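Here are the chains, one letter per residue:
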Amino acid sequence: MPQVLRIASVNVNGIRAAVRKGMLEWLDTANVDVLALQEVRADADQLAASLPGWELVADEASAKGRAGVAIATRGPVAAWRTEFGPAEFDSAGRWIEADLEVAGSHLTVVSAYVHTGEAETPRQDQKWMFLDTMDARLSQLRAHSPLALVMGDLNVGHRELDIKNWRGNRKKSGFLPRERGYFDRWLGEEGVEVETVDGERGTGRGWVDVGRRFHGDVEGPYTWWSMRGRAFDNDTGWRIDYHLATPELAERVVDYRVERAPSWDTRWSDHAPVIADYRFPA
């Protein structure tokens, strides 16, 4: 592994479709060492055929052709897990962890996909269940490794800066106050009581939103745009794809960017890759 590890995350919206549209050409020039994928929508053989030459670990969705997460690496994976919450909880191909040894350090990376909910429906109830389970797992990860990174399409815009048209989305899944409240706790100062946007109180978990820390209080940069209308051309997007790092790992960030396609017709997914460089050793 190099001394600067380049880690990317992207919802591919179907790995086979992404490859047909030019994903491999992007990978040829991106110099990525670790790649977290969401909405893979492929079995193990199809994934391996789509990404030749990569070490791959994956969790397929229970329903064929749906969801699916994976982690692709240039070097070996020391260990990997798909266990997530209680034994009866089926993450449905939406959570996978991998342990890597990098320049003498132990790094845990996660590819996560939080599905789109729908306010006040059973689908939203499932999203609450997943977010509750994720909340518990984040605390466990902090204890497991001081260098941990949770990446993926988390399908929540944390702040008003994260959605172009936030006023019209305040009652819609993806920007509900309760959803945003999870992020208030996860990103709050560790061990300190925080008041969340939904009026609740909780204890900060100490995780760092790498993108927000790197870019500061600016609109976006967005990571997803609807395929309908001229959302991409007008940059009417959502920032819902994240690198959430432990404080120790966040201190190693030397660069971060959202790699937005140059034009609508050159996109190979409706999401843009989110890329960060981490220094090893610190």
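Here's what I pulled together on the structure shown here. (Residues numbered from 1 in each chain as written. Predicted model: local features only at pLDDT ≥ 70, side-chain atom pairs only at ≥ 80, totals over all residues. Heavy atoms only, no water.)

The next subject is the overall build of the protein. Across its full length, the protein carries seven helices and 14 strands. Its C-alpha radius of gyration of 18 Å places the protein within 12% of the 19 Å reference for a compact globule of 282 residues. For the C-alpha atoms alone, the extent of the protein along its principal axes is close to 50 × 45 × 40 Å. Burial statistics for the protein: of 282 residues in total, 56% are counted as buried. Partitioning the contacts of the protein with sequence separation of at least 6, the portion at a separation of at least 24 is 67%. Taken as a whole, the protein presents about 12400 Å² of accessible surface, with 47% of it coming from carbon and sulfur. Within the protein, the 44 negative side-chain charges are centred at a point lying 5 Å from the centre of the 35 positive side-chain charges. (Helix = DSSP H or I, 4+ residues; strand = E, 2+ residues; numbered from the N terminus. Rg over C-alpha atoms; globule rule 2.2 N^0.38 Å. Buried < 20%, exposed > 50% of the residue type's maximum accessible area, 1.4 Å probe, protein only. Contact = heavy atoms within 4.5 Å. Areas by Shrake-Rupley, 256 points an atom, 1.4 Å probe, with all protein chains shown as cover. Lys, Arg positive; Asp, Glu negative; His and termini not counted. Charge placed at Lys NZ, Arg CZ, Asp CG, Glu CD.)

So, about the pattern of salt bridges. Taken as a whole and assessed by the stated rule, the structure comprises 21 salt bridges. Lysine 127 serves as the salt-bridge partner of glutamate 179, at 2.8 Å between the closest nitrogen and oxygen. A residue pair is termed long-range when its members are at least 10 positions apart, and glutamate 179 in helix 5 (residues 177-187) and lysine 127 in helix 4 (residues 122-144) qualify at 52 residues. Residue glutamate 179 shares its accessibility class with lysine 127, and that shared class is buried. Where arginine 239 meets aspartate 209, a salt bridge forms, and the shortest distance between an N and an O atom there is 2.5 Å. One end of the pair, arginine 239, is in the loop between helix 6 (210-215) and strand 12 (241-245); the other, aspartate 209, is in strand 11 (residues 208-209), with 30 residues separating them in the sequence. Neither arginine 239 nor aspartate 209 differs from the other in exposure class; each is buried. (Salt bridge = Lys/Arg side-chain N within 4 Å of Asp/Glu carboxyl O.)

Below, the discussion takes up the sheet that holds strand 2 (residues 34-38). Taken together, the six strands give an open sheet; going across it, the order is 3-4-2-1-14-13, and neighbouring strands pair in mixed fashion. Each of the sheet's edge strands pairs with one partner strand only, and the pair in question is strand 3 (55-59) and strand 13 (253-258). Averaged over all neighbouring strand pairs, the angle between strand axes comes to 15°, with direction disregarded. (Pairing = 2+ DSSP bridges. Axes fitted to C-alpha atoms, helices over the stretch in contact; angles between N-to-C directions.)

Here we take up helix 4. Owing to its 3.6 residues per turn, the α-helix aligns residues three or four sequence positions apart on the same side. Helix length check: helix 4 (23 residues) gives 33 Å between terminal C-alpha atoms against 33 Å at 1.5 Å per residue, within 8%. Those residues of helix 4 that sit buried are Gln124, Lys127, Trp128, Phe130, Leu131, Thr133, Met134, Asp135, Arg137, Leu138, Leu141 and Arg142. (Expected span 1.5 Å × (residues − 1).)

The subject of this paragraph is the layout of surface pockets. The computed volume of the largest pocket comes to approximately 560 Å³. In terms of lining, the largest pocket is formed by 27 residues, of which the most central are Thr116, Trp224, Ser226, Arg228 and Trp238. Of the residues contributing to the lining of the largest pocket, the split by class is six nonpolar, 13 polar and eight charged. As a volume, the second largest pocket reaches approximately 370 Å³. Among the residues forming the lining of the second largest pocket, the class breakdown is seven nonpolar, three polar and six charged. (1 Å grid on protein atoms, 1.4 Å probe; cavity = no way out; pocket = protein on both sides within 12 Å on 5 of 7 lines; lining within 4 Å. Points joined across faces, edges and corners; volume = space filled by probe spheres on them. Nonpolar A, V, L, I, M, F, W, Y, C, P; charged D, E, K, R; others polar.)

Here we have six strands laid out as an open sheet, ordered 5-6-7-8-12-11, and mixed in their pairing. Either end of the sheet is taken by a strand with one partner, and the two such strands are strand 5 (79-81) and strand 11. Here strand 7 (residues 105-113) pairs with strand 8 (residues 148-153) via six bridges, running parallel. Residue pairing across strands places valine 110 opposite valine 150, the latter belonging to strand 8. Relative to strand 6 (residues 95-102), helix 4 is tilted by about 15°, and along the sheet it contacts strand 5, strand 6, strand 7 and strand 8.

You can see alanine 231 is positioned in the loop between helix 6 and strand 12. Not counting residues within four places of it along the chain, the set of residues in contact with alanine 231 comprises Trp225, Ser226 and Thr236.

Another aspect to go through is the packing of aromatic side chains. The tally for this structure, following the rule as stated, stands at ten aromatic pairs. A centroid spacing of 5.1 Å and a plane angle of 40° characterise the contact between phenylalanine 183 and tyrosine 242, whose relative ring orientation is tilted. Of this pair, phenylalanine 183 sits in helix 5 while tyrosine 242 is found in strand 12, placing the two residues 59 residues apart along the sequence. Ring centres of tryptophan 225 and phenylalanine 232 lie 5.1 Å apart, and the angle between their planes is 80°; on these two criteria the pair is classed as edge-to-face. The exposure class assigned to tryptophan 225 is buried, which follows from its relative accessible area of 1%. A connected cluster of aromatic rings, assembled from ring pairs, spans Trp128, Tyr182, Phe183, Trp186 and Tyr242. Just above the ring of tyrosine 182 sits the side chain of arginine 185; from NZ or CZ to the centre is 4.9 Å. (Phe/Tyr/Trp six-rings, centres within 6.5 Å; stacked < 30°, edge-to-face > 60°. Lys NZ or Arg CZ within 6 Å of the ring centre and 35° of its normal.)

Without other data, these values stay purely geometric and don't point to any function.
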